[in-house]
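Structure assessment
Okay, here's what each chain looks like letter by letter:
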Amino acid sequence: MTTAQTQELDVQPTPLALLLLGREADPRSERGVECPGDLPSPSDPDLVARARAAKEKLGDKVFVLGHHYQRDEVIQFADVTGDSFKLARDAAARPEAEYIVFCGVHFMAESADILTSDDQKVVLPDLAAGCSMADMATAEQVAECWDVLTEAGIADQVVPVSYMNSSADIKAFTGKHGGTICTSSNAERALNWAFEQGEKVLFLPDQHLGRNTAVRDLGMSLEDCVVYNPHRPNGGLTTEELRAAKMILWRGHCSVHGRFSLDSVNDVRARIPGVNVLVHPECKHEVVAAADYVGSTEYIIKALEAAPAGSKWAIGTELNLVRRLANRFAAEDKEIVFLDKTVCFCSTMNRIDLPHLVWALESLAEGTLVNRIEVDKETEAFAKLALERMLALP
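Residue numbers run consecutively from 1 along every chain, following the written order of its sequence. Where totals are concerned, whole chains, interfaces and linings use all residues; where local detail is concerned, this predicted model gives features only for residues with pLDDT of at least 70, and gives and counts side-chain atom pairs only at 80 or more. Excluded from the side-chain calculations are hydrogens and water; all other atoms, namely the structure's heavy atoms, are used.

1. Section: the overall build of the protein chain
Strands here are runs of E lasting at least two residues and helices are runs of H or I lasting at least four, both read from the DSSP assignment and numbered beginning at the N terminus. Helices and strands together make up the secondary structure of the protein chain, namely 17 helices and 15 strands. We take the radius of gyration over the C-alpha atoms and set the globule estimate at 2.2 Å times the residue count to the 0.38 power. Relative to its length of 394 residues, the protein chain is compact, with a C-alpha radius of gyration of 21 Å against a globular reference of 21 Å. The C-alpha extent of the protein chain, read off along each of the three principal axes, is 60 × 55 × 40 Å. Here, two residues are considered to be in contact whenever any of their heavy atoms come within 4.5 Å of each other. Sequence separation of 24 or more characterises 66% of the internal contacts of the protein chain that already satisfy a separation of 6 or more. Total accessible area on the protein chain stands at roughly 16,700 Å², and carbon and sulfur atoms take up 48% of it. Counting rule for charge: Lys and Arg are taken as positive, Asp and Glu as negative, and neither His nor the chain ends is counted. Taken as the charge location is NZ of Lys, CZ of Arg, CG of Asp or CD of Glu. Treating the 39 positive side-chain charges of the protein chain as one cloud and the 59 negative ones as another, the clouds have centres 4 Å apart. Exposure was quantified through the Shrake-Rupley algorithm and a 1.4 Å probe, taking into account, for residues, occlusion by the shown protein chains and nothing else.

Take a look at the structure:
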């Protein structure tokens, strides 16, 4: 289990509204915590100067990581930017940094803690910055799923493959049961490896990345895939369906990428003749099938870097990144638009705002460790085993 605090435990669940505000603590949830002290006002005109001063005071003791989906006001203070796994590895490559301030979400900070040394402390500026996809698979639910697979007589044929966007507990389950982690960049390699180890894959927690990789990249059919719903008895599947399936997909999804639809694709093609549609593989299968290009966040960035001047692009990924890329390449006459008409930021990623970052940096500069993300040793060991299998993929 992870520990964002040490209080025990017999309390009533915190009302949802308070969790969303990030002002209370709930031991049943990794999200929502009270900040010791008031946050700076978001209207404080000195926030940028305060962040810069605190970071300068900390010097080499702090290393700030900024995920691509962060807002610009935060990303300006990042020492490195990237996707979740790249950032965790960047942190591990800076052993001299006592504090790793991760401007991302909870599972990303956990991964950084797993990969960094015991002497380094990982800080998440707002512990309410969770991930809806990661929260869709709990350790208890996955353990129950494994019992269902055991009762169906197929557990010994199943290799778990878990997306990087999962909790440390799920990564540890994966490592303990002989599986590997994957990113959106190497999911095809991870699945190929898994099918060399066993006959079936349990893919956690994003059904869309699992389905798209199996069908689009490995040539499977949609009929080879079934969806396990943790909220229904037996996952909502018969024993026969489980035995016949090659891909057992967890019923999880990204709240941002899941918004894009086939109508979005058709509409942008009608509005912008000659547009290239480029989407993330966390999108629904029909969106991926209708797109011109599909790839990870890093793939999207590189594709736009290589695109010719005057080209037109509709991007199906998080809006902060799309807007940043549109501004970056405007001078090269590349037209870059958001795939959907509806504005959609990653709401939990956007919890890391400038007031929270200033509060975290100033607290560290004053010698007060706040919002530390720590993974217990047993969980860390099995999670690291799964990550090491990913790093060893051919």
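2. Some thoughts on the layout of surface pockets
Unfilled space is identified by rolling a water-sized probe across the atoms. Estimated volume of the second largest pocket: approximately 430 Å³. Only protein atoms enter the calculation, which uses a 1 Å grid: trapped sets of points that fit a 1.4 Å probe without letting it out are cavities, open sets showing protein on both sides within 12 Å along at least five of seven lines are pockets, and any residue with an atom within 4 Å of a point is a lining residue. Lining the second largest pocket are 31 residues, and of these Tyr-69, Met-108, Asn-165, Cys-254 and Glu-282 lie nearest its centre. Those elements that place two or more of their residues in the lining of the second largest pocket are helix 4 (84-92), helix 5 (106-115) and helix 6 (132-135). Grid points are joined across faces, edges and corners, and a volume is the space filled by probe spheres set on the points.

3. Section: helix 7 (residues 139-151)
One less than the residue count of a helix, multiplied by 1.5 Å, gives the span that helix is expected to have. Taking 1.5 Å as the rise per residue, helix 7 with 13 residues should run 18 Å; its terminal C-alpha atoms sit 19 Å apart, in good agreement. Relative accessibility thresholds used throughout: buried, under 20% of the residue-type maximum; exposed, over 50%; partly exposed, between the two (1.4 Å probe, protein chains only). Along helix 7, the residues that are buried comprise Gln-141, Val-142, Cys-145, Trp-146, Val-148 and Leu-149. Projection of helix 7 onto a plane perpendicular to its axis shows the buried side chains occupying an angular sector of 155°, all on one side. In this structure, helix 7 carries Glu-140 and Glu-151 as exposed residues pointing more than 90 degrees from its buried face. On the buried face of helix 7, the contacting elements are strand 6 (158-163), helix 8 (168-176), strand 8 (200-204), strand 9 (225-228), helix 11 (239-244) and strand 10 (247-250). In the stretch just after helix 7, Gly-153 is the one whose phi turns positive, near 80°. By construction, the arc corresponds to the directions joining the helix axis to the C-beta atoms.

4. Here we look at the pairing of strand 13 (residues 312-316)
Among the 5 residues that make up strand 13, 4 are buried, leaving the element largely enclosed by the rest of the structure. At least two DSSP bridges between two strands are needed for those strands to be called paired. The sheet contact formed by strand 11 (residues 276-279) and strand 13 spans 4 bridges and is parallel. Across the sheet, the residue bridging to Asn-276 is Trp-313, located in strand 13. Pairing geometry for strand 13 and strand 14 (residues 335-338), over 4 bridges, is parallel. When the bridges of strand 14 are listed, Trp-313 appears paired with Ile-336.

5. Topic: the sheet that holds strand 12 (residues 293-294)
Ordered in space as 12-11-13-14, the 4 strands form an open sheet in which the pairing is parallel. Each of the sheet's edge strands pairs with one partner strand only, and the pair in question is strand 12 and strand 14. Packing of helix 14 (residues 297-306) onto the sheet brings it into contact with strand 11, strand 12, strand 13 and strand 14, and relative to strand 11 it is tilted by some 155°. Lines fitted to the C-alpha atoms define the axes, with helices restricted to the stretch that makes contact. Angles between their N-to-C directions range from 0 to 180 degrees.

6. Things to note about the pattern of salt bridges
When a carboxyl oxygen of Asp or Glu lies within 4 Å of a side-chain nitrogen of Lys or Arg, that pair is called a salt bridge. Tallied over the entire structure, the rule returns 17 salt bridges. Two residues, Arg-50 and Glu-362, come together in a salt bridge whose shortest N-O distance is 2.8 Å. Taken together, the residues Arg-50 in helix 2 (residues 47-58) and Glu-362 in helix 16 (residues 354-365) connect sequence positions 312 residues apart. The residue Asp-126 makes a salt bridge to Arg-351 at a minimum N-O spacing of 3.0 Å. Of this pair, Asp-126 sits in the loop between strand 5 (121-123) and helix 6 while Arg-351 sits in the loop between strand 14 and helix 16; the two residues are 225 residues apart in sequence, bridging distant segments of the chain. Considered together, Asp-126 and Arg-351 belong to a single accessibility category, that of buried residues. Through salt bridges with shared partners, a single network forms among Asp-44, Arg-50 and Glu-362.

7. Quick notes on the nonpolar core
Nonpolar core, defined: a set of buried Ala, Val, Leu, Ile, Met, Phe, Trp, Tyr and Cys residues in which side-chain atoms within 4.5 Å join the residues together. Judged by nonpolar contacts, the single largest core of 109 residues is most densely connected at Val-101, Phe-203, Met-247, Val-279, Ile-336 and Leu-361. By residue number, the principal contributor to this core is helix 16, which donates 8 residues. Other than its neighbours up to four places away in sequence, Val-101 contacts Val-62, Phe-63, Val-64, Leu-65, Val-123, Pro-125, Leu-357, Leu-361 and Leu-364. Counting 21 residues, the second largest nonpolar core, distinct from the first, contains Ala-137, Trp-146, Leu-204 and Leu-237.

8. Description of the confidence of the model for the protein chain
Here the protein chain averages 89 in pLDDT, while 90% of its residues score no lower than 70. Between residues 1-34, whose pLDDT stays under 50, and residues either more than four places distant or in other chains, the model counts 64 contacts. What pLDDT reports is the predictor's confidence in each residue, on a scale of 0 through 100.

9. What about the side chain of Ser-363?
You can see Ser-363 is positioned in helix 16. When its relative accessible area of 10% is taken as the criterion, Ser-363 is described as buried. Once residues lying within four places of it in the same chain are set aside, the contact partners of Ser-363 are Thr-368 and Val-370.

10. Quick word on the pairing of strand 6
Burial analysis of strand 6 places 6 of its 6 residues in the buried class, which makes it a mostly covered element. Both faces of strand 6 are covered, namely the face carrying Val-158, Pro-160 and Ser-162 and the face carrying Val-159, Val-161 and Tyr-163. As paired strands, strand 6 and strand 8 are joined by 5 bridges and run parallel to one another. Paired with Val-158 across the two strands is Lys-200, which belongs to strand 8. The sheet contact formed by strand 6 and strand 7 (residues 180-182) spans 3 bridges and is parallel. Residue Ser-162 lies in a different strand from strand 7, and its bridge partner there is Ile-181. Every crossover in which the path from the first strand over the helix to the second runs clockwise, viewed with the strands pointing away from the viewer, is termed right-handed. The β-α-β motif built from strand 6, the intervening helix 8 and the parallel element strand 7 has right-handed crossover chirality.

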